[in-house]
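Examining the three-dimensional arrangement
Here are the chains, one letter per residue:
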Amino acid sequence: MDKLEMVDLTEKQKKTRRWRSIAIGLALAGLVVVFYVATLAKFGPAVLNRPF
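Keep in mind that this is a model prediction, so the values were computed, not measured.

Helix and strand counts for the chain come out as one helix and zero strands. The principal-axis extent of the C-alpha atoms belonging to the chain is close to 55 × 30 × 15 Å. Taken across its 52 residues, the chain has 2% of its residues classed as buried. Accessible surface, the chain: about 5700 Å² in total, of which carbon and sulfur atoms supply 66%. Separation between the mean location of the 9 positive side-chain charges and that of the 4 negative ones in the chain comes to 18 Å.

Set out below in C-alpha cells:
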C-alpha cells in the first residue's frame, strides 16, 4: 500500500484556502436565507403559527 504523502502549504496557500472556506460558508448561509424567505413567501407567515 502506498504511503500518504503530506504536503506543506505555504502561508499564501493557507490564507487562500481559509478565504475560500469562508466564502463557501457565506454562500451556504446565503442559500439558507434565500430558501427561508422563499418558504415564507410561498406559505405566508402563518406557517410559523402551527401546533406542535
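Anyway, onward from the coordinates.
Moving on: the pattern of salt bridges. Tallying each qualifying case throughout the model produces one salt bridge. Between E11 and K14 there is a salt bridge, with its nearest N and O atoms 3.8 Å apart. With E11 and K14 both in helix α1 (residues 11-43) and three residues apart, the pair spans about one turn of that helix. Residue class for E11 comes out exposed when judged on its relative accessible area of 59%. The exposure class assigned to K14 is partly exposed, which follows from its relative accessible area of 43%.

Turning next to the UniProt feature "transmembrane region" (unreviewed entry) in the chain. UniProt records the feature "transmembrane region" (unreviewed entry) at residues 21-41, using the numbering of this structure. Spanning residues 21-41, this segment combines 100% helix with 0% strand, and its end C-alpha atoms are found 30 Å apart.

What follows deals with α1. The first and last C-alpha atoms of α1 sit 48 Å apart over 33 residues, in line with the 48 Å expected at 1.5 Å per residue. G44 lies just past α1 and shows a positive phi near 80 degrees.

Looking at the secondary structure, you find A41 in helix α1. Distance in space between the C-alpha atoms of A41 and W19 is 33 Å, their sequence separation being 22 residues.

Cut-offs applied
Residue numbers run consecutively from 1 along every chain, following the written order of its sequence. Only residues with pLDDT of at least 70 get local features here, since the model is predicted, and only at 80 or more are side-chain atom pairs given and counted; chain-wide, interface and lining totals rely on the full set of residues. The basis for the side-chain values is all heavy atoms of the structure; hydrogens and waters are excluded. Per the convention used, a helix needs a DSSP run of H or I reaching at least four residues, while a strand needs a run of E reaching at least two, with both numbered from the N terminus. Between buried and exposed lies partly exposed: a residue is buried under 20% and exposed over 50% of the maximum accessible area for its type, with that area taken using a 1.4 Å probe on protein chains only. All accessible-area figures derive from a Shrake-Rupley calculation using a 1.4 Å probe, and residue coverage is judged against the displayed protein chains alone. Lys and Arg are tallied as positive, Asp and Glu as negative. Neither His nor the chain termini are counted. In this description, the location of a charge corresponds to atom NZ of lysine, CZ of arginine, CG of aspartate or CD of glutamate. Here a salt bridge means any side-chain nitrogen of Lys or Arg lying within 4 Å of a carboxyl oxygen belonging to Asp or Glu. UniProt positions are given in the numbering used here, feature names are shortened, and annotations may be inferred rather than shown by experiment. For a helix, the expected span equals 1.5 Å multiplied by the number of residues minus one.

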